[in-house]
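Okay, here's what each chain looks like letter by letter:
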Amino acid sequence: MSFTENIAKQFALIGNTNVAELRKNAFTAFEKLGIPSSRHEEWKYTNIKTKLNEQLSLTPVDSQVNTAVKNYISSLPPYSFRIIFLNGVFHSELSIVPQMKGLTVCSLKEAFTSNSSLVEKYFGKLVNYSEEHFAALNTAFVNDGAFVHIQKNVLIDEPIYIQYFFTASDVNAFAQTRSLVILEDGASIQLAEDFRNASNISVQYNHVSEVYVGKNASIDIVKLQLEVSNAIGVDTLEAQVERDGKFSAATITFSSPNTGTGKALIRNNVTARLIGENSHADLNGLYFGKETAHIDNHILVDHISPNCTSNQLYKGVLDDESTGVFNGKIFVKPDAQKTNAFQSSKALLLSNEASINSKPQLEIFADDVKCSHGAAVGQLDENALFYLRARGITKQEATQILTYAFAHEVIEHVHSKPIRQFLCDRLKDELKVNF
Amino acid sequence: MLSIKNLNVSIQGKQILRDFNLEIKAGEIHAIMGPNGTGKSTLASTLAGKEEYEVTSGEVIFNAKNLFDMSADERAREGIFLAFQYPVEIPGVSTTNFMKAAVNAKRKHQGLEPMDAKDFLKLMREKMALVEMNKEFSSRSVNEGFSGGEKKRNEIFQMAMLEPALCLLDETDSGLDIDALRIVANGVNKLRDANRSFLVITHYQRLLNYIVPDYVHVMYGGKIVKSGGKELALKLEEQGYDWIKEENSELV
């Protein structure tokens with residue numbers, strides 16, 4: 001049975017009636033699209049087809065909470081909001097969701113009934129499932145995820161922590177998880193989505209986040225992929241920003257923690273559509289590759305309206321035989337005059353076998369715009385290394401310190417203080433820097 | 001303390017130091033002067049262990065150890081300090097963190113525990129005062145956006161923190177205005193003691209009014225061609241380097 005046949009059989013079984021028409025359309029689209037091979041231009045350097053096994057099961061598997069899950073939860077800062085999923089299934093006993101006026105945080109499954117009109121209005125409206133293979137698959141099959149809705153002019157100053165654990169109770173499980181985030185006009189929020197392999201065998205997941213940013217609303221979203229060794233993960237983040245809105249996203253990927261192996265294949269698609277005048281997108285990323293890890297960041301900023309600004313800063317540190325991909329697109333549509341769009345991609349290669357494919361892509365159809373992009377690939381600055389060594393710091397420690405400094409710039413862009421501090425400590429731990 | 005014998009050094013196949021000899025005893029200050037391109041900075045960089053300098057022959061003994069058996073960082077932990085002619089900017093690393101790593105690397109080498117945080121900050125404050133550095137510099141990235149004078153003061157501050165046995169000052173005075181020069185020189189003078197030696201490389205005699213050397217050497221064509229006391233520096237100031245060039249025309 002081929003992959004698509006196998007999946008068709010499973011779709012027939014799910015019988016999910018919520019937004020059924022949309023799901024059916026997404027499924028029909030997926031049947032046509034299938035899993036992309038490296039012949040597909042957008043998947044040229046990321047050969048996911050050969051990595052996914054054909055007998056994958058999309059039926060959610062509820063699993064026992066294991067020690068790794070418990071330990072990790074207890075290591076987290078004391079967030080007031082935390083929503084926890086295990087293999088795509090919501091675990092209310094692990095979650096903390098205080099009631100707050102103007103804010104709804106619940107599982108998507110619950111929102112399908114409790115907030116059905118919002119779900120019908122927003123679910124699946126941002127992702128382009130007729131062309132995006134994994135968005136189509138997710139839209140058809142998603143069972144559960146997070147639902148966050150903030151009413152007009154409500155400001156939440158504590159981060160909402162959404163944790164997706166994968167524990168591979170079934171090695172063929174291909175978890176389909178999803179977050180739907182809706183900010184009404186003038187609302188403001190910070191949000192983290194944390195993806196974690198809480199087992200020592202391989203896991204597969206396919207996540208979609210749809211984020212609606214209303215007029216003059218602002219969101220800071222951090223994607224954490226800090227423990228994704230042995231994971232094949234596809235993450236699609238789609239945001240739409242209205243007039244005077246601000247969308248800020250950071251994607252942090254550490255393929256290899258201090259323990260575990262670096263075998264991982266991670267693909268992040270981040271799209272920000274600036275549909276309202278004077279809106280802003282800030283898209284940052286930091287990735288560490290070790291062993292044979294493969295980390296692919298595909299970014300698109302679509303400037304649709306005038307006077308919008310966007311910034312992209314992506315930094316990678318690739319060691320061993322790891323590979324990176326950076327594909328950064330900036331589209332400036334004919335109406336988007338006075339656009340300011342910047343992009344920078346920098347990668348440090350710490351070994352001769354590590355490599356990166358970096359491709360900036362600018363398509364500009366307006367005439368009064370400022371756009372710039374830069375891509376740099378290299379090693380640590382020899383003069384800086386010598387300067388540190390001339391003060392008695394060993395070559396190894398000097399390398400760690402300079403790598404920390406290189407990477408830290410991205411973390412400085414994370415607005416939420418507890419998340420930034422958490423990342424800073426994690427980075428120090430990763431690089432064994434102890435100051 | 002330092003004994004350099006018949007040292008020959010090349011960079012990218014071009015010979016810079018030729019049969020260079022120098023002895024420095026504990027507590028002495030030696031100044032090396034000379035026209036540009038005679039190998040003064042090559043000498044400092046070679047002693048500090050910069051890798052692109054190739055030692056083709058000769059030996060250097062530092063405190064009874066063969067210098068060339070040690071990497072750059074080992075030499076620093078053993079007590080050699082190079083004050084850079086062009087200090088490097090390290091964005092993202094604060095001066096405090098940089099010094100903490102350096103001080104603790106040296107302490108580890110001496111078999112000591114890392115310094116207590118409180119003691120460390122006290123030491124930082126004390127040594128920054130020595131070169132009149134504002135304490136805001138401790139949280140700023142190393143040398144990033146510093147003026148020329150601030151960078152040189154930062155070098156002397158680091159020297160004070162690490163308390164080396166042998167200080168190599170590579171054109172520490174170049175580009176400094178008189179106030180900065182005075183501050184830097186004062187900092188150096190406060191570090192003088194019977195066990196610490198200095199090798200002061202300079203193009204100008206001016207610095208030596210403030211840091212008074214025991215010996216002055218003139219380098220030309222990759223070796224020392226003349227040695228004397230501090231009066232030699234004054235003669236060079238008055239007469240320039242032309243007479244040195246004429247006397248040693250066969251060297252270049």
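Residues numbered from 1 in each chain as written. Chains lettered and ligands numbered in written order. Predicted model: local features only at pLDDT ≥ 70, side-chain atom pairs only at ≥ 80, totals over all residues. Heavy atoms only, no water.

*Asks:* Explanation requested: the overall build of chain B in the structure shown.
*Replies:* A count of helices and strands for chain B gives nine helices and twelve strands. Against the compact-globule benchmark of 18 Å for 252 residues, chain B has a radius of gyration of 18 Å, which places it among compact chains. Counting only C-alpha atoms, chain B reaches 60 × 40 × 35 Å along its principal axes. Taken across its 252 residues, chain B has 56% of its residues classed as buried. Of all intrachain contacts in chain B linking residues separated by at least 6 positions in sequence, the fraction that spans at least 24 positions is 70%. As presented, chain B carries roughly 11100 Å² of accessible surface, and 45% of it is formed by carbon and sulfur atoms. One finds the centroid of the 32 positive side-chain charges in chain B at a distance of 4 Å from the centroid of its 36 negative side-chain charges. (Helix = DSSP H or I, 4+ residues; strand = E, 2+ residues; numbered from the N terminus. Rg over C-alpha atoms; globule rule 2.2 N^0.38 Å. Buried < 20%, exposed > 50% of the residue type's maximum accessible area, 1.4 Å probe, protein only. Contact = heavy atoms within 4.5 Å. Areas by Shrake-Rupley, 256 points an atom, 1.4 Å probe, with all protein chains shown as cover. Lys, Arg positive; Asp, Glu negative; His and termini not counted. Charge placed at Lys NZ, Arg CZ, Asp CG, Glu CD.)

*Asks:* Which parts of the structure should I look at to understand the overall build of chain A?
*Replies:* Along the backbone of chain A there are nine helices and 19 strands. Taking 22 Å as the expected radius of gyration for a compact globule of 435 residues, we find that chain A reaches 21 Å, a close match to that expectation. Projected onto its principal axes, the C-alpha positions of chain A cover 65 × 50 × 45 Å. Looking at chain A as a whole, 60% of its 435 residues qualify as buried. Once local pairs closer than 6 in sequence are excluded, the contacts in chain A between residues at least 24 apart make up 83%. Surface exposure of chain A reaches about 16700 Å², of which carbon and sulfur atoms provide 47%.

*Asks:* For this particular structure, what's the right way to read the interface of chain B and chain A?
*Replies:* One frequently used descriptor of interface size is the decrease in accessible area upon assembly of the parts. On the chain A side, the residues contacting the 31 residues of chain B number 17 residues. Roughly 2000 Å² is buried in total at the junction of chain B and chain A, and carbon and sulfur atoms are behind 66% of that figure. Between chain B and chain A we count three salt bridges in total. For R391(A), the salt bridge identified is with E155(B), shortest N-O distance 2.7 Å. Remark: the boundary between chain B and chain A carries ten residue pairs in polar contact (both at pLDDT 80 or more). For the side of chain B that touches chain A, the secondary-structure elements that each account for two or more residues are α2 (72–78), β6 (80–83), β7 (90–94), α3 (95–109) and α5 (148–162) of chain B. It is α3(B) that contributes the most residues to the side of chain B that touches chain A, six residues altogether. (Buried area = accessible area lost by both parts, 1.4 Å probe. Salt bridge = Lys/Arg side-chain N within 4 Å of Asp/Glu carboxyl O. Polar contact = N/O pair within 3.5 Å; in protein donor to acceptor, adjacent residues only side chain to side chain.)

*Asks:* Got a minute to help me understand the pattern of salt bridges in this structure?
*Replies:* Any two side chains of opposite charge can pair, on the condition that their charged atoms come close. For the structure shown, the criterion picks out 25 salt bridges over all chains. Ionic pairing is found between D235(A) and K223(A), a salt bridge with its closest N-O pair at 2.8 Å. On the criterion of sequence distance, the pair formed by D235(A) in strand β10 (residues 231–241) and K223(A) in strand β9 (residues 218–227) is long-range, its members being twelve residues apart. K223(A) matches D235(A) in its accessibility class, with the two residues each being buried. Close ionic contact of K151(B) with E89(B) constitutes a salt bridge, the shortest N to O distance being 3.1 Å. Note that K151(B) is positioned in helix α5 and E89(B) in the loop between β6 and β7, a separation of 62 residues in sequence. A residue is classified by how much of its surface remains accessible, and K151(B), at 17% relative accessible area, is buried.

*Asks:* Is there a simple way to think about the environment of T292(A) in this case?
*Replies:* Relative to the assigned elements, T292(A) resides in the loop between β13 (280–289) and β14 (294–303). Separated by 118 residues in the primary sequence, T292(A) and V410(A) place their C-alpha atoms 23 Å from one another.

*Asks:* For this particular structure, what's the right way to read the side chain of N154(B)?
*Replies:* Residue and element names in this part refer to chain B. Tracing the backbone shows N154 in helix α5. A relative accessible area of 0% places N154 in the buried class. When sequence neighbours within four positions are dropped, the list of residues in contact with N154 reads T95, M133, V142, N143 and F146.

*Asks:* Just to check I follow, could you spell out helix α6 (residues 178–191) of chain B for this structure?
*Replies:* An α-helical turn contains 3.6 residues, so any two residues separated by three or four positions project in the same direction. Residue and element names in this part refer to chain B. In this model, α6 (14 residues) spans 20 Å end to end at C-alpha, consistent with the 20 Å of a helix rising 1.5 Å per residue. Residues of α6 that are buried: A180, L181, I183, V184, A185, G187, V188 and L191. Taken together, the buried residues of α6 touch α4 (117–130), α5, β9 (166–170), β10 (197–201) and α7 (207–210). (Expected span 1.5 Å × (residues − 1).)

*Asks:* Is there a simple way to explain the packing of α5(B) against α6(B) in this structure?
*Replies:* Between two packed helices, the angle of one axis relative to the other and the distance separating the axes together describe the packing. Residue and element names in this part refer to chain B. Across the interface, α5 lies against α6 with an axial gap of 10 Å and an inter-helix angle of 5 degrees. In terms of orientation, α5 lies roughly parallel with respect to α6. Between α5 and α6, the residues in contact are G149, K152, R153, I156, M159 and A160 and A180, I183, V184, G187, V188 and L191, respectively. Partitioning the contact of α5 with α6 into residue classes produces eight nonpolar, two polar and two charged. (Axes fitted to C-alpha atoms, helices over the stretch in contact; angles between N-to-C directions. Parallel < 35°, antiparallel > 145°, perpendicular 65-115°, else oblique. Nonpolar A, V, L, I, M, F, W, Y, C, P; charged D, E, K, R; others polar.)

*Asks:* What am I meant to see in the pairing of strand β3 (residues 103–107) of chain A here?
*Replies:* Regular strands have side chains that alternate between both faces of the sheet. Residue and element names in this part refer to chain A. Taking burial as the measure, the five residues of β3 include four buried ones, the bulk of the element. Here β3 pairs with strand β4 (residues 144–150) via five bridges, running antiparallel. Of the residues in β4, the one forming a bridge with C106 is F147. (Pairing = 2+ DSSP bridges.)

*Asks:* What exactly am I supposed to notice about the domain arrangement of chain A here?
*Replies:* Residue and element names in this part refer to chain A. Along its sequence, chain A is carved into domain 1 (3–379) and domain 2 (382–435). Using C-alpha coordinates to define each centre, domain 1 is positioned 26 Å away from domain 2. Across the domain 1 to domain 2 interface the summed buried area is about 2300 Å²; carbon plus sulfur atoms make up 70%. Our count for the contact surface shared by domain 1 and domain 2 stands at two salt bridges. As a salt-bridge pair, E430 and K290 come within 3.6 Å of each other at their nearest N and O atoms. When contributions to the side of domain 1 that touches domain 2 are tallied by element, the ones reaching two or more residues are β7 (188–197), β9, β11 (246–254), β13, β15 (309–318) and β17 (339–349). For the side of domain 1 that touches domain 2, the element with the most residues is β13, which contributes five residues. Residues of the side of domain 1 that touches domain 2, tallied by class, amount to 20 nonpolar, seven polar and five charged. (Domains from an automatic or database assignment.)

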